[in-house]
Amino acid sequence: MIETPPLVDQHCHGVLRTELGLGTFEAQLLPSAGPPAPGTTSFDTQAGIAVRRWCAPLLGLEPHAAPVRYLARRRELGAAESARLLLRGSGVASYLVDTGEAGDLTGPKELALAGDAEAFEVVRLELLAEQAADTSGTVGAFLVNLAAAVHHAGTGAVAFSCRADAAALARGPEAPAPGEVRAAAGRWLAGRPRGGAVQDPVLLRHLMWSAVASGLPLQLRLRADGAGGAADPAPLTGFVRATAGLGTRLVLLGGYPYHRHTAVLAARFPHVYADAGAALGRTGAGAGAVLAELLELAPFGKLLFSSGGGRLPELHAVGALVFREALGRVLGRWAGDGSWSWRDAERVAALIAAGNARRVYRLDERG
Amino acid sequence: MIETPPLVDQHCHGVLRTELGLGTFEAQLLPSAGPPAPGTTSFDTQAGIAVRRWCAPLLGLEPHAAPVRYLARRRELGAAESARLLLRGSGVASYLVDTGEAGDLTGPKELALAGDAEAFEVVRLELLAEQAADTSGTVGAFLVNLAAAVHHAGTGAVAFSCRADAAALARGPEAPAPGEVRAAAGRWLAGRPRGGAVQDPVLLRHLMWSAVASGLPLQLRLRADGAGGAADPAPLTGFVRATAGLGTRLVLLGGYPYHRHTAVLAARFPHVYADAGAALGRTGAGAGAVLAELLELAPFGKLLFSSGGGRLPELHAVGALVFREALGRVLGRWAGDGSWSWRDAERVAALIAAGNARRVYRLDERG
Amino acid sequence: MIETPPLVDQHCHGVLRTELGLGTFEAQLLPSAGPPAPGTTSFDTQAGIAVRRWCAPLLGLEPHAAPVRYLARRRELGAAESARLLLRGSGVASYLVDTGEAGDLTGPKELALAGDAEAFEVVRLELLAEQAADTSGTVGAFLVNLAAAVHHAGTGAVAFSCRADAAALARGPEAPAPGEVRAAAGRWLAGRPRGGAVQDPVLLRHLMWSAVASGLPLQLRLRADGAGGAADPAPLTGFVRATAGLGTRLVLLGGYPYHRHTAVLAARFPHVYADAGAALGRTGAGAGAVLAELLELAPFGKLLFSSGGGRLPELHAVGALVFREALGRVLGRWAGDGSWSWRDAERVAALIAAGNARRVYRLDERG
């Protein structure tokens, strides 16, 4: 058996404070363009089965309790107590919380308290731009306020995050010139309804390069598994080359089913790191195979666990518990057949589970 | 051990009525641009080994009998009796037969009789267009005859099928305007030799949208495994979005080695279903790994078995028997290690093997 | 247990003659754009663990000896004796050496002597062009000298190799017309610094078609695993179609993580062969899964082992030993569960390990 230390979850969001009915719970379980097809249920997925397998016991039920029984028990305990039990049962010691997700979600401090863990903030760059746009009257004020917000965030947060947008990088990976940024900002602000999201490729590139200049790690969110279409990191290669040697660290989040491609980038470029998590929880019993594929080429010092959880604390718990079991099973098999030593297996498990994240995000200087 | 009910094969063709020599048999076994390379044989593939492993016993030989022995036994029994034994030994209760394949093949009724099963027709849209073109003198007559043929087919068939053509969808996924269809039909009819195939992207889109309007499920045939090049479903995403919420059901056939991508689409869009079959038979001993990958993200109510068999009844039998063993092995492993309950494993096996197809194609209203 | 005969390594390079320190050794172990990230080491990869597992015992240490101990032992023995022990311990009988790699590397004869094996030369086409350019004063002389060099190489070598360049094939896969070649050569020679590499797409296509005309097999080097970005063989499909039926044999090298795609091409086209090696050594304990994926659709007469080794003899040894174990494990599992017969498993192992390469490169006519 491989022992894994308490985890650092390098990418998650807060949890919903509200009580949930069956339909709402199902809708949160599986990212989808609509309700389940007639005659089907979101519980009939690896994620659904993993919730019943791992979370039911944390709430005092037998493993694989039926969905209705599970939700009845959850209501009986209440949303807050359920979250407390699920988070504390997941074996996570530190959360890196991307606070840019919409909804009535717990913030980092509240998540830390519920989970008896520490929590750090990851600031979503798009949100800084949108907040600056909401509060600035002119293009000049917007750019000044945005720069100040990035600077300020950089003093409190452990990382920035930004959508890895293919269109934003297609025109060239370099930092856009000031005049280009000014023109793009003008167009965006002129046409923007209050609260409107930033989609402009020049502004997105400007945000990414602001993060590079800050010296904090930049998490690039590839299109998540289940979000439809591809999550191919190929369009990022130019940006990766352009940022090599500048002292920045890029962390690729998501990528499934292109996770082998993110591993190749992490092997090729010293400043690139890959996520070993978000997709795993959703693949449940299949997680070992996905994890083993990541471990084919990714250097073991470049893979970082995350749950990708958010809204439902079940997703934090499943992400952590599925990961821990898959990691133990895969490394244990290799050690068991002599391909690895047990000592290396334990050491590498500790790196992916926590050590790499502590080093990359410099958590010990913050904690 | 997981018990699987009799299968519904959602995608197959009829079988050849003629006796086959070694060379002809080999050519049918592996779709290829030419005869095997010097010094090689089509039997040295997973498909070839699976035929010897699964079909030899059904014809009264030991498993893994040599190819020449197998073919001698097949000739001794005759094509009809061999087909009868192979089909009846495959555990398939219902065939959905795409009748658009060229060649002297048995129709649905004859296949049902040989296999002691029920059979339903899937109508290939391209064939309706080609038949309407053969019998219509003018563009106006062609369009009226085609509409009538689609309507008529819709009353007897359980589904339509159409090639998933990237070029046909590149100009935009929407239904083409009547004037656009008329112009495309005019160009096609003017240049078409008798029996010529429909390749025009506007006409293909028109056919797809005719199927959507019919209310029957539409099977989209991605480039099959082994057909060279990619079978990436990414170009379909626009069409998938455009047909969401219209009450249509899209079933993606094929896709290997992009099967994880089809599973992602089935997870993302309520009206999209994915094939859990055609490639499996060809991968033989490797089928469990491919099936497990499909099961990572696809909702279990959205995967449907097919053999993809045609011409050789061996392909129907291998498709079914390889699938059944792989499904039992994969789900049995997960139940055995506690990731799943045995009850869920049996229930999900029944859905993929038969239940999903019976629901999606409304077979119980037809049977 | 599956017995595998002595291997034919269809793609490798010579080894460095110099002694190596820790940093240099690490840099050779993992192709990367720079030194390992702070806090990480190239030994923490599957390749690094495989070196300690397989090579340490060949140098008289226990398996999984620590990196510093391994390197100390290597220095104690000296580079030449270490190479001798590693190569002779790898179970390779024949090396096909691509002599186009830069550096102070052993040639085929020296490698054969060190490894107590036979060695054959694979001539890199780009190098012939660069040598002809270095020694020719005019475009006309260059083209004549290049044709003579290709002809001469064809009498001694067992194959040609060329980079599989997407841009080179994007304009059309056909052999470029003489005028086109002449113009491209003129442009290249005019702007070329001494020793400059050939990048011109027209010249690369001209080189590939020269190899086709020679009748020798042509190895197409897809971007290697770890080299960043994709190695998708899709851009090759046009060239593959254009060369079908001409008697040429194309061998696709590399391809990971697109190895299933190369297998599909080998299944589809009689004259296409796929590499079952180069990526495997690097994936160490994960090699069985990658190999099993190749074996899903590739005909077993179309897969050829290679180590992809070069510079470090450790890479030759690891490539061979990881391959042999993975092959034995995968085929042994299939034979053990009855999917394959043991006789087929041994026969297929021998084909992939050596027989296919002996046939495709006609080694028995050369040896």
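In this text the structure is predicted, and so the values were computed from the model without any measurement.

Calculation notes
Residues numbered from 1 in each chain as written. Chains lettered and ligands numbered in written order. Predicted model: local features only at pLDDT ≥ 70, side-chain atom pairs only at ≥ 80, totals over all residues. Heavy atoms only, no water. Contact = heavy atoms within 4.5 Å. Buried area = accessible area lost by both parts, 1.4 Å probe. Salt bridge = Lys/Arg side-chain N within 4 Å of Asp/Glu carboxyl O. Polar contact = N/O pair within 3.5 Å; in protein donor to acceptor, adjacent residues only side chain to side chain. Helix = DSSP H or I, 4+ residues; strand = E, 2+ residues; numbered from the N terminus. Nonpolar A, V, L, I, M, F, W, Y, C, P; charged D, E, K, R; others polar. Least-squares fit on C-alpha atoms with pLDDT ≥ 70 in both. Phe/Tyr/Trp six-rings, centres within 6.5 Å; stacked < 30°, edge-to-face > 60°. Buried < 20%, exposed > 50% of the residue type's maximum accessible area, 1.4 Å probe, protein only. Lys NZ or Arg CZ within 6 Å of the ring centre and 35° of its normal. Pairing = 2+ DSSP bridges.

Student: I'd like to hear about the interface of chain B and chain A, residue by residue, with values.
Tutor: Across the boundary between the two partners, chain B contributes 29 residues, which contact 35 residues of chain A. Note on chain B versus chain A: buried area summed over both sides is about 2700 Å², and carbon and sulfur give 54% of it. Put simply, chain B and chain A have 4 salt bridges between them. Put simply, chain B and chain A have 14 residue pairs in polar contact (both at pLDDT 80 or more) between them. Counting residues per element, the ones that place at least two in the side of chain B that touches chain A are α12 (259-268), α14 (287-297) and α16 (342-360) of chain B. Ranked by residues supplied to the side of chain B that touches chain A, first place goes to α12(B) with 6 residues. Grouping the amino acids of the side of chain B that touches chain A by side-chain chemistry returns 14 nonpolar, 5 polar and 10 charged.

Student: Tell me about the pattern of salt bridges, residues and numbers included.
Tutor: Per the stated rule, a full pass over the model turns up 72 salt bridges over all chains. The network of salt bridges with shared partners includes Arg260(A), Glu293(A), Glu296(A), Arg260(B), Glu293(B), Glu296(B), Arg260(C), Glu293(C) and Glu296(C).

Student: Please provide a residue-by-residue account of the relation of the copies chain B and chain A, values included.
Tutor: The operation relating the two chain copies consists of a rotation about an axis and a shift along that axis. For the pair chain B and chain A, the superposition axis carries a translation of 0.0 Å, the fit reaches an RMSD of 0.0 Å, and the rotation angle comes to 120 degrees. The two molecules are tied by a three-fold rotation axis, judged by turn and shift. For chain B, the minimum C-alpha distance to the rotation axis belongs to Ala289(B) and amounts to 5.1 Å. A low fraction, 7%, of the interface residues of chain B reappear at the interface in chain A, so the copies pair through non-equivalent surfaces.

Student: I'd like a description of the packing of aromatic side chains, backed by residues and values.
Tutor: Summed over all chains, the structure comprises 21 aromatic pairs over all chains. A centroid spacing of 5.4 Å and a plane angle of 35 degrees characterise the contact between Trp334(C) and Trp340(C), whose relative ring orientation is tilted. Take Trp334(C): its relative accessible area is 2%, and that puts it in the buried class. Among the aromatic residues, ring-to-ring pairing joins Phe25(A), Phe43(A) and Tyr70(A) into one connected group. The side chain of Arg53(A) reaches across the aromatic face of Trp54(A), ending 3.8 Å from its centre. We note Lys302(B) situated over the ring of Tyr273(B); from NZ or CZ to the ring centre the distance is 5.1 Å.

Student: Outline the interface of chain C and chain A, supporting the account with residue identities and numerical values.
Tutor: Interface size is often expressed as the accessible area that is lost when the parts come together. Each partner contributes residues to the interface: chain C has 35 residues there, and chain A has 29 residues. When chain C packs against chain A, the two sides together hide about 2700 Å² of surface, and 54% of this comes from carbon and sulfur. The tally of links between chain C and chain A comes to 4 salt bridges. Among the salt bridges present, the one from Arg52(C) reaches Asp344(A), with a minimum N-O distance of 2.8 Å. In this assembly, chain C and chain A are joined by 14 residue pairs in polar contact (both at pLDDT 80 or more). Counting only elements with at least two residues in the side of chain C that touches chain A, the list comes to α2 (46-58), α13 (278-283), α14 (287-297) and α15 (313-336) of chain C. Of all the elements, α2(C) adds the most residues to the side of chain C that touches chain A, at 4 residues. By residue class, the composition of the side of chain C that touches chain A is 14 nonpolar, 13 polar and 8 charged.

Student: Before we move on, can you summarise the relation of the copies chain C and chain A with the specific residues and values?
Tutor: For the pair chain C and chain A, the best superposition has an RMSD of 0.0 Å and corresponds to a rotation of 120 degrees with a translation of 0.0 Å parallel to the axis. The residues that chain C uses at the interface reappear at the interface of chain A in only 6% of cases, marking distinct surfaces.

Student: So what's going on with the pairing of strand β5 (residues 218-221) of chain A? Residues and values would help.
Tutor: Residues and elements named next belong to chain A. Where burial is concerned, the two faces of β5 agree: the one with Leu218 and Leu220 and the one with Gln219 and Arg221 are both buried. Direction of pairing for strand β4 (residues 159-163) relative to β5: parallel, over a ladder of 4 bridges. Bridged to Arg163 within β5 is Arg221. Two elements, β5 and strand β6 (residues 250-253), share 4 bridges in a ladder whose sense is parallel. Bridge pairing links Leu218 to Leu250 in β6.

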